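A look at the structure
Spelled out from the first residue to the last, the chains are:
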Amino acid sequence: MQAHQRTDTLRLQHGFTLLELLVAIAVFAIMAGIIQIGLVAILDARAGVDELTEDLKQLQRSMQVIERDLAHAVARPVRDAFGDPQPAWLGGPGSGALFSLTRAGWPNPTAARRSELQRVVYVHDGDRLLRLSWIHVDGAQPDRAQSAELLEGVETIDVRFMNIDGQWVTDWPPPDSIDNARLPRAVELVIEHPRWGRMQRLLKVGA
């Protein structure tokens, strides 16, 4: 009886063999590697979702800014830096910009001594859509513009303007127009973007 108990005690004190320890360590290492790969994949996916979300927010903000400017467009011609008269709305291949407009309703929370009108110009510069603006409506100096990047990664932007007859034109004012205060009824933007593809927006001008 005592001999049998001593045998059981020796078995309990024996523990793991070296081979068993190596196998356990190998299994643990494999499982740790699998878990690490899974965590890296989850973090990469999360980073991709965050980047996509931020890009989508930038696109939405850009469209909101453009819509707000167009909704506040007014028939107010301006004078350039040389004092020459310019139309209230100017756009097309020969204008040097996508389009230019005079907008009202420019917030003035600090009660600064300035007009509530603002001259705004949209430009496609490289792969960026820029919004240029000036504190003074008349006599705006090109090098004093306040520039804001609305959207990056833009491949192409095509713009058309709807005239009073409901027809689309690519230049504004139309060649036969003698009214510098006339505004288009609507603007069509077609934007090619590597992430979002082809986007077409029809935006109303004026309230």
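These remarks concern the structure in this document.

About the cut-offs
Counting from 1, residues in each chain are numbered in the order their sequence is written. This being a predicted model, a pLDDT of at least 70 is required before a residue's local features are given, and a value of 80 or more before pairs of side-chain atoms are given or counted; all residues contribute to the totals for chains, interfaces and linings. To obtain the side-chain values, all non-hydrogen atoms of the structure were used and water was disregarded. Here a strand pair is declared whenever DSSP counts at least two bridges between the two strands. Helix numbers and strand numbers start at the N terminus; a helix is a DSSP run of H or I with at least 4 residues, a strand a run of E with at least 2. Geometry is summarised by axes, namely lines fitted to C-alpha atoms with helices restricted to the contacting stretch, and by angles between N-to-C directions that run from 0 to 180 degrees. Residue types Ala, Val, Leu, Ile, Met, Phe, Trp, Tyr and Cys, when buried and joined through side-chain atoms within 4.5 Å, form a set referred to as a nonpolar core. Accessible area is worked out with a 1.4 Å probe on protein chains only. A residue is then buried under 20% of its type maximum, exposed over 50%, and partly exposed in between. We call two residues contacting when some pair of their heavy atoms lies within 4.5 Å. Stacked, edge-to-face and tilted labels apply to pairs of Phe, Tyr and Trp rings (six-membered ring for Trp) whose centres lie within 6.5 Å, assigned for plane angles under 30 degrees, over 60, and everything in between, in that order.

Here five strands make up an open sheet; going across it, the order is 3-4-5-6-7 and the pairing antiparallel. The open sheet has two edge strands, strand 3 (89–92) and strand 7 (146–152), and neither has a second partner. Between one strand axis and the next, the sheet turns through 15 degrees on average, direction left out of account. As paired elements, strand 6 (residues 128–134) and strand 7 share six bridges and run antiparallel to each other. Opposite L130, over in strand 7, you have E149 as the bridge partner.

Ranked by size, the top nonpolar core spans 26 residues in total, and within it I66, L70, W89, F99, Y122 and L129 carry the most contacts. Of all elements in the fold, only helix 2 (18–71), strand 4 (97–103), strand 5 (118–125), strand 7, strand 8 (156–162), strand 10 (186–193) and strand 11 (197–204) reach the threshold of two or more residues within this core. When residues in this core are grouped by element, the largest group, five residues, is from helix 2. Those residues in contact with I66, other than ones at most four positions away along the chain, are Y122, L129, L150, L189 and L203. Ranked by size, the runner-up nonpolar core spans six residues in total, among them V121, L132, W134 and A140.

This paragraph deals with the packing of aromatic side chains. Under the defined criterion, the tally for this structure stands at four aromatic pairs. On the basis of an interplanar angle of 80 degrees and a centroid distance of 6.2 Å, the ring pair of W89 and F161 is categorised as edge-to-face. Within this pair, whereas W89 is found in strand 3, its partner F161 is found in strand 8, the two being separated by 72 residues in sequence. The class of W89 is buried, set by a relative accessible area of 0%.

The next point concerns the pairing of strand 11. Bridge count for strand 10 against strand 11 is eight bridges, and the pairing is antiparallel. By the bridge assignment, V190 is partnered in strand 11 with Q200. Counted along the chain from strand 10 to the antiparallel partner strand 11, the turn is three residues long.

Pairing within the open sheet is antiparallel, and its four strands lie in the order 9-8-10-11. In this open sheet, the two edge strands, each paired with only one partner strand, are strand 9 (168–169) and strand 11. Alignment of strand 8 against strand 9, held across two bridges, turns out to be antiparallel. Counterpart to F161 in the pairing with strand 9 is V169.

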